[in-house]
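An overview of the molecular structure
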Amino acid sequence: MSAPKSPRAATFELRHLRYFIALVEEKNFERAAARLGIAQPGLSQQILNLERLVGIPLLNRAKRSVQLTLSGQLLFDEARKIVAQADLALSELQRVGRGQTGRISIGYVASAAYSGVLTESLTAFRQEFPDIELQLVEIEMRQQLTMISEGELDFGYIRPPAPIPAGLTTTTVLREPLVVALPEAHPLAAQHAIDLAALSDQTFITPRQPADVGFHSNTLDACKDAGLTPKVSATGRDFTTIMSMVAVGLGIALVPQSLQCLQLPGVRYVSLARNRVTSDLAVAYRKVEGSAAVRAFVAHHRARHGRGA
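Residues numbered from 1 in each chain as written. Predicted model: local features only at pLDDT ≥ 70, side-chain atom pairs only at ≥ 80, totals over all residues. Heavy atoms only, no water.

1. A look at the overall build of the chain
Stated precisely, the cut-off is as follows: Note on conventions: DSSP H or I runs of at least 4 residues are helices, E runs of at least 2 residues are strands, and numbering of each starts at the N terminus. Both definitions apply: the radius of gyration is a C-alpha atom measure, and the globule rule equals 2.2 Å times residues to the power 0.38. Partly exposed describes any residue whose relative accessible area lies between the buried limit of under 20% and the exposed limit of over 50%, with all areas from a 1.4 Å probe on protein chains only and scaled to the type maximum. By the convention used here, residues are in contact when the closest approach between their heavy atoms is within 4.5 Å.
Along its length, the chain carries 10 helices and 10 strands. Expected size for 309 residues packed as a compact globule is a radius of gyration near 19 Å; at 33 Å, the chain overshoots this value by more than 25%. Principal axes of the C-alpha set define a box for the chain whose edges measure 105 × 45 × 30 Å. Burial status across the chain gives 44% buried among its 309 residues. The contacts in the chain between residues at least 6 apart in sequence include a share of 71% that link residues at least 24 apart.

Here it is in structure tokens:
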């Protein structure tokens, strides 16, 4: 048969420390009870319970006013630290729960940075949630989607179309017209706008993507809409490479309007007349998200750009 627990074996709770701190700071049982919102006899009983728990007198009861023993002073000093630390920990937990702190890993395709949407969205989010750490990395679109699906990445800026893994969804954040990038010496480079059909004999340069993905798909769709079958016999790793290929006359490229900020010598951007195909920028994320910070990031984008696909 086990021995009964002595009162000293029990542990005091934060409420005991809060009661004690209030009493010492108010220097009066009545005022401390009022501050705590409890009855004065209840406060007196709680202080007695605390003294029994620690096994040491905390108040000098030979005095009429509230005066501490040396042990009481020590407990008071430590109690303030303990309660302050507990309140801070609770506050941080609540901030995490509300998505006000944490870390978000974000992938993006380079054209997202060219469009301005990436910097605008992240700047606005940081103004609202300054304590959330944002980690950015440029990653190819299909790799982003795989990493988000596998939990290695939280969020991605992509250029649809692309195969979206099960469990992920997207929100379109920008639709922009296509323009054609021509060599500076091209006969049509000085035009304000040209019909895509006038370029039927040209070699089109696309990124290294399958025909149903991203800008490669955009190029085929725009040409089909214009009634032509493009000759795609050159690809580039990224837009800087593609524009360099255009500059030296290896072909032409259909690109989003925002790419005009990439000003390489020897390249001219010309608008397309009667083109209905757009280059879309979207954000991809998990349908079910455990991180409150990531949920806040998703909500931020959906509030700015609609509920998406």
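2. Looking at the packing of helix H2 (residues 29-36) against helix H3 (residues 40-54)
To be explicit about the condition: Fitted lines through C-alpha atoms serve as axes, helices being fitted only where they are in contact, and the angles separating the N-to-C directions of these axes extend from 0 to 180 degrees. The labels follow the angle: roughly parallel below 35 degrees, roughly antiparallel above 145, roughly perpendicular from 65 to 115, and oblique for the rest. Gly is put with the polar residues, along with every residue not named as nonpolar or charged; the nonpolar set is Ala, Val, Leu, Ile, Met, Phe, Trp, Tyr, Cys and Pro, and the charged set is Asp, Glu, Lys and Arg.
With their axes 9 Å apart at the nearest point, H2 and H3 run at an angle of 100° to one another. For the element pair H2 / H3, the angle class is roughly perpendicular. Side by side, H2 and H3 meet where Phe29, Glu30, Ala32, Ala33 and Leu36 of the first sit next to Gln40, Leu43, Ser44 and Ile47 of the second. Residue composition of the contact of H2 with H3, grouped by class: 6 nonpolar, 2 polar and 1 charged.

3. Quick word on the pattern of salt bridges
The condition is simple: We define a salt bridge as a contact between a side-chain nitrogen of Lys or Arg and a carboxyl oxygen of Asp or Glu at a distance within 4 Å.
Tallying each qualifying case throughout the model produces 16 salt bridges. Asp154 is paired through a salt bridge with Arg286; the nearest N and O atoms lie 3.0 Å apart. Placement of Asp154 in the loop between helix H7 (141-149) and strand S3 (155-158) and of Arg286 in strand S10 (residues 278-286) is noted, with a sequence separation of 132 residues between them. Taking relative accessible area as the criterion, Asp154 reaches 13% and is therefore assigned buried. On the accessibility criterion, Arg286 (17% relative accessible area) is buried.

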